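As a plain string of letters, each chain reads:
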Protein chains: 2
Amino acid sequence: MSETLAARLAAIVGDRHLHADEAIGEHYRIDVSRKYQSRPAFLLKPADTEEVAAIVRLASAEGVSITVVGGQTGTVGSAVPADGGIALSLERMNRIVEIDELSMTMTVEAGCILQLAHEAAEARGALLPLDLGARGSATIGGVIGTNAGGNRVLRWGMMRDMVIGLEAVLADGTIVSSLTKMLKDNAGYNWKHLLVGSEGTLGIVTRAVLRLRPLPTSRQTALVATDSFEDIIAVLRRMEVMVSGRLSSFELMWGDFYTAMSEALLVQRPRAMSAEHGFYALVEAMGGDEEADIAQFERALMALIEDGTIKDAVIAQSDSQREAIWAVREDLAPGLAPLRPFSSYDVSMGVADMPAFVEKARANMAAAYPDATMLFYGHAGDGNLHAIVSIGQMDKTIQHGFDTAVFGAVRDVGGSIAAEHGIGVSRAPFLKWTRSESELALMRTLKDAIDPKHILNPGKLLDAM
Amino acid sequence: MSETLAARLAAIVGDRHLHADEAIGEHYRIDVSRKYQSRPAFLLKPADTEEVAAIVRLASAEGVSITVVGGQTGTVGSAVPADGGIALSLERMNRIVEIDELSMTMTVEAGCILQLAHEAAEARGALLPLDLGARGSATIGGVIGTNAGGNRVLRWGMMRDMVIGLEAVLADGTIVSSLTKMLKDNAGYNWKHLLVGSEGTLGIVTRAVLRLRPLPTSRQTALVATDSFEDIIAVLRRMEVMVSGRLSSFELMWGDFYTAMSEALLVQRPRAMSAEHGFYALVEAMGGDEEADIAQFERALMALIEDGTIKDAVIAQSDSQREAIWAVREDLAPGLAPLRPFSSYDVSMGVADMPAFVEKARANMAAAYPDATMLFYGHAGDGNLHAIVSIGQMDKTIQHGFDTAVFGAVRDVGGSIAAEHGIGVSRAPFLKWTRSESELALMRTLKDAIDPKHILNPGKLLDAM
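Quick caveat: nothing in here was measured; it's all calculated off a predicted structure. (Residues numbered from 1 in each chain as written. Chains lettered and ligands numbered in written order. Predicted model: local features only at pLDDT ≥ 70, side-chain atom pairs only at ≥ 80, totals over all residues. Heavy atoms only, no water.)

Visitor: Explain the overall build of chain A to me, please; I cannot follow it from the model alone.
Guide: Counting its secondary structure elements, chain A contains 16 helices and 18 strands. Taking 23 Å as the expected radius of gyration for a compact globule of 465 residues, we find that chain A reaches 23 Å, a close match to that expectation. Counting only C-alpha atoms and orienting by the principal axes, one finds that chain A spans roughly 75 × 55 × 45 Å. Residues counted as buried form 61% of the 465 residues belonging to chain A. When the accessible surface of chain A is split by element, carbon and sulfur atoms take 50% of a total near 16000 Å². (Helix = DSSP H or I, 4+ residues; strand = E, 2+ residues; numbered from the N terminus. Rg over C-alpha atoms; globule rule 2.2 N^0.38 Å. Buried < 20%, exposed > 50% of the residue type's maximum accessible area, 1.4 Å probe, protein only. Areas by Shrake-Rupley, 256 points an atom, 1.4 Å probe, with all protein chains shown as cover.)

Visitor: Can you walk me through the pattern of salt bridges in this structure?
Guide: Between side chains of opposite charge, a pair can form when the charged atoms approach closely. Residue and element names in this part refer to chain A. The tally for this structure, following the rule as stated, stands at 56 salt bridges over all chains. Between Arg39 and Glu22 there is a salt bridge, with its nearest N and O atoms 3.1 Å apart. With a gap of 17 residues between them, Arg39 in the loop between strand 1 (18-20) and strand 2 (42-44) and Glu22 in the loop between strand 1 and strand 2 connect regions that are remote in the sequence. Classification of Arg39 by relative accessible area gives exposed; the value is 59%. Under the relative-accessibility criterion, Glu22 is labelled exposed at 65%. In this structure, a network of salt bridges that share partners links the residues Asp131, Arg135, Arg152 and Glu330. (Salt bridge = Lys/Arg side-chain N within 4 Å of Asp/Glu carboxyl O.)

Visitor: Looking at this structure, how should I read the interface of chain B and chain A?
Guide: One frequently used descriptor of interface size is the decrease in accessible area upon assembly of the parts. Listed by partner, the interface residues are 91 residues for chain B and 91 residues for chain A. Summing both partners gives a buried area of about 7000 Å² for chain B against chain A, and 57% of it is carried by carbon and sulfur. Considering only the side of chain B, the residues that lose the most area to chain A are Lys184, Asn186 and Tyr189 of chain B, jointly responsible for 15% of the buried surface there. Our count for the contact surface shared by chain B and chain A stands at eight salt bridges. The residue Arg299 of chain B makes a salt bridge to Asp289 of chain A at a minimum N-O spacing of 2.4 Å. (Contact = heavy atoms within 4.5 Å. Buried area = accessible area lost by both parts, 1.4 Å probe.)

Visitor: Even after reading the chapter, I still don't get the environment of Glu284 of chain A, so can you show me in this structure?
Guide: Residue and element names in this part refer to chain A. Considering the arrangement of structural elements, one finds Glu284 in strand 14 (residues 279-287). Along the primary structure Glu284 and Ile315 are separated by 31 residues, whereas in three dimensions their C-alpha atoms are 9.8 Å apart. The contacts of Glu284, once residues within four sequence positions are left out, are Arg219, Gln220, Thr221, Arg246, Leu247, Ser248, Ser249, Arg322 and Trp326.

Visitor: Could you clarify how one ought to interpret the packing of helix 8 (residues 229-242) of chain A against helix 10 (residues 290-306) of chain A in this entry?
Guide: How two helices pack is summed up by the angle between their axes together with the distance between the axes. Residue and element names in this part refer to chain A. Interaxial distance between helix 8 and helix 10 falls to 10 Å at its minimum, and their mutual angle equals 145 degrees. When the axes of helix 8 and helix 10 are compared, the crossing they make is right-handed. Touching Val235, Arg238, Met239 and Met242 of helix 8 are Gln296, Phe297, Ala300, Leu301, Ala303 and Leu304, all from helix 10. A breakdown of the residues in the contact of helix 8 with helix 10 according to their chemical character gives eight nonpolar, one polar and one charged. (Axes fitted to C-alpha atoms, helices over the stretch in contact; angles between N-to-C directions. Left-handed = near helix turned anticlockwise from the far one by under 90°. Nonpolar A, V, L, I, M, F, W, Y, C, P; charged D, E, K, R; others polar.)

Visitor: Could you clarify how one ought to interpret the pairing of strand 6 (residues 105-109) of chain A in this entry?
Guide: Two faces, one strand: in a regular strand the side chains alternate between the faces of the sheet. Residue and element names in this part refer to chain A. Of all five residues that make up strand 6, five are buried, and the element is covered over most of its length. Burial along strand 6 is two-sided: Thr105, Thr107 and Glu109 and Met106 and Val108, pointing in opposite directions, are all buried. Looking at chain direction, strand 5 (residues 96-100) and strand 6 are connected through four bridges and run antiparallel. Bridge pairing links Asp100 to Thr105 in strand 6. Here strand 5 folds back onto strand 6 in antiparallel fashion, the turn holding four residues, of which Met104 has a positive phi close to 55 degrees. (Pairing = 2+ DSSP bridges.)

Visitor: Quick question: what am I supposed to make of the relation of the copies chain B and chain A here?
Guide: Each of the two chain copies goes to the other by way of a rotation about an axis and a shift along it. Between chain B and chain A, the superposition needs a rotation of 180 degrees and an axial shift of 0.0 Å, giving an RMSD of 0.0 Å. The operation mapping one copy onto its partner corresponds to a two-fold rotation axis. Residue Gly245 of chain B of chain B places its C-alpha closer to the rotation axis than any other residue of that unit, at 2.0 Å. Take the interface residues of chain B: 100% of them recur as interface residues in chain A, which is what a same-surface contact looks like. (Least-squares fit on C-alpha atoms with pLDDT ≥ 70 in both.)

Visitor: Please clarify how helix 11 (residues 319-330) of chain B should be interpreted in this entry.
Guide: An α-helical segment advances 3.6 residues per turn. Residues three or four places apart therefore align on the same side. The end-to-end C-alpha distance of helix 11 of chain B, which contains twelve residues, comes to 15 Å, matching closely the 16 Å that a straight helix rising 1.5 Å per residue would cover. Along helix 11 of chain B, the residues that are buried comprise Arg322, Ile325, Trp326, Ala327, Val328 and Arg329 of chain B. (Expected span 1.5 Å × (residues − 1).)

Visitor: Please explain the sheet that holds strand 5 (residues 96-100) of chain B as it appears in this structure.
Guide: Adjacent strands of a sheet form backbone hydrogen bonds with each other and so pair up, either parallel or antiparallel. All names here are of chain B. Read from one edge to the other, the open sheet built from five strands follows the order 5-6-10-8-9, with strand pairing classed as antiparallel. Whereas interior strands pair on both sides, the edge strands pair on one side only; in this sheet they are strand 5 and strand 9 (175-178). With strand direction ignored, the average angle separating the axes of adjacent strands in the sheet is 10 degrees. Here helix 3 (residues 114-123) sits on the sheet in contact with strand 5 and strand 6 (105-109), set at roughly 35 degrees to strand 5.

Structure (C-alpha cells):
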C-alpha cells in the first residue's frame, strides 16, 4: 500500500522530488523552537499548483495528511508534519511571477523567500512592507499562513493587509484562485481572509498577489526614553500626529529589557543611551522628501523633550548609528544567552491594558517562581507585547507554570495569547482562555466544512486543544 | 400560527417595538435604488444583543427569515426584506458604548449612524476614517455588512480595516463575541473578516470595536489636470512618495465627467478649472504639522507642473475653495439630472487595467446602444471606478444590455463587478462572470455550514444567482 502510494506520488512530482522516511532531512521535520520532532512518511517538492492539487487529491482519497513546510521559522510547532503524513515543501515554487508597477502589485509563488521578494520589489522602486527578523528564511506562504506582523505594522499593517489576490488548493484538491490586483472586491464572501492566518489547516496557499508601496527615500530613527508608560504612549500618539502617516515603527522596551540587552552588547558597542530610564522606544519614520522629513521628525521630538515628556533622546545621524539603535531591539542573542533556557511569548491587548497585563503577569510569576526573570518589549502601536521568562531551567512543569502565569494575565485583560506566531501545537491548550466556546464552535464548523477529513495539517490549532 | 408567532416576538421586544404587515413603513421595505419592494410580515426593533439572539432562535425554530435593515443607502437590494419574513431594525441599538483614547478604539452598537460615530470620535480628538456621501443615514452595521470604502480608502483602508472587534448573532441564535481592542490576534480563524462584507447573510452584527486614528489638524486639497491616463497615475504615484503617508484622497475623473458635472454646477459657482483636459484628479492630504504640510504639498505639485506632467492645478486656499473642488465630485445631483433614468456601476480592477476597461466598456456599449452616454470617475488609488450609463430611458432589456456591456468589460480585465456596494439582488446574475465555479462552491460551503436553513437575508448574494 505504502509502496503503491509512493509510486503514485512519484508519478506526480517525479522521483527526484520525492523523499521517504529516513531520507527526509531534519529541516523538514522540526521548527525553530526544536520542541517538536516528527516522522513524516514522504517529503514532496511539487513544481506547480497542478502538482499540488494532484497530491492533495491522492492524499485525500488515501486519507493521508499533508503539512506544508516553509522556512520553519515558527516557534509554536505550526509547520511540523504529522507522523506518517506528507511534508510538502514549495521550495521549487519560488518564482516572482510579475511585478506590476502601475497597479503596484507583485504576483509571487508561495515558496519564495521573503527577503528575495523584498529585493525584487526594491529593484523596481517599490516596497513590500512586511519585515521581520526571519526575512532570510521565512517564505511568502509561511507569512501568509501565520498572518505575520513584524516591525512596520504600525504604518502598513500585517500580511493580511498586503494579500490582495490568492490561489490555494483546498482539502479535496480543488484549486481556488482569485489572483486579482484590485484592493476592493466585495463580490461575495472574502475567503482569502479566512485562509490568511489559518496555519495551513484550511487550504494550501500556492500563489499570491501582494500590494506594494512606493519605496520611501528617507528614513529617520531615534531612541527615546521616558519615566512612565503613560509618557511613552503620549510620545507614540503625538508622533502619530506630528509625523502624520510616516511613522513606521514604535518599538517599546521596558527599562529592564533595555538594560539587559544593551549590557550584553557592550563588548561590541557603547550604549546609545544610559540605562536608567523606565521606558524606551525605538521610533522610526519613512518618507519621500528627505530634508523636510528630517526637520519634521526633529521638530516633533524637540517639542516632546521641551515639555518634559521625553527624558532622553538620540537621533541616528548615519546608517551605522541607526544600526546601533536597532541592535538593542533586534540583536537579542547576546542578551538572551544568560537566560537560556527561557520561554518567549507573543501576546496582544489594547494599548491601555498593557501596564495591567505586565503587573498581573509579574504577580502571577512571583507567586509561582519568585526568582523568575521577566523582560517585556514589543510593538506598542499594535498592542503586541513580547515577554521573555526564565528561571535558568526548564521542564514540562516549569513550562506549564510559565504559560499559566502569562496567559492568565492575558485572559484577565481580554487580550490574545497569539499576536503573531499563531497557535500551532504549544498554544492550543490555552486557546479557550481567550476565545469563547461559541467562537471555537464557529471555528470548528468552518474547519469541518472546508476540510471534513481533517487531512490538512492535523494535530495543530483546534485539533491540538 | 402567525398570531402566535407575533405574540411570541412581541414578548421578546415588547408590543411597542413590533410592527406587522401594513403598519411597516416604506423605509423598511425599500432601498435607495427604489427597484425592490417587499412585504415583510414583521418589523422588530430589539433593545440589545440578547433580544436579537432570542428573535433569531425563534425565527430559526419557525423557519422564518430575517433581514437586517439599516440606513437603506445601498443600491443593489442587499437590505430589502424577504416577503413574509422579519425586518430587523437595530435603530434602538445605537449607542456609542466607549471611546478608549489610549488604545484608540471606539466600541459602538450596530444601529449607530456613521456621522454620529464620526462626531463622537472628533469630540475626543480622534478620527474614524471611513467617510462616504451617505454618512448621515448609513449605519455602522450597514457599512460593516457591505465593507464600505468611500473617499479615504487610499490612506486608511476600507471598513474591514477598521473593525478590530466584533459581536454577532449567528443563524441559530448563538452570540459570538470578540469585542477586543487589539490590532493583532492570530489565535484561530478570523471569523470577523468572514462576516464583514457578507451582506447580512452569515450573521447579524450587533456591536463592533473600531480602530480610531489621531485627528489630523491640517488638510490640503487640490484639483489637477493631465492630458493622459498615464500622467494622472504618475501624479498619484509621485504624490504617494512626496507627501508620504499623508495622501488621503485621489479622486479620478475622466474629462467628460468633469465637463458634465462642473457644467451643471455653473449656476451655483464658476468652474474651478477649465474643462478642456483629458483627466482630472481631486488630490487631498492630511497631517498634523500645518505649515510644513502645506509647503510639502505645494512643493510636490510644483515639481509635477514644472516637468509638464500636470497641465493645470488649483490649490484650495480656504474651506470654501475646498468645498468648491469637492462639489464637482460629490454634488452630483445637478449633473446627473439630465441623464435620468441612468444606471450606475461600482467596479474595480488593477489600476493598470483601467484604460482597457473603459475602452472595452465603451466599445461594448457602442455596439449595443450607439447613443449612450458613459461617464467614468472613481477612487484611482483603490482601483475602484464608478460608471454612469444612460440613453434617456430604462427598462429590463436596456438594464440587462447595460449590465452586459459593463460587466463584460470587467470580466475581460479580470476585475470585480462589486467594489463597494456588494452583490445584493441586482448584481447576483453576474457574479459568476468574475468568480470561478470553485470560488462560488467554497462560498456555498461556507453559507451552508454557518446558516444551513438559509434564514439570514435570503434571496440575496448566492441565493439570488
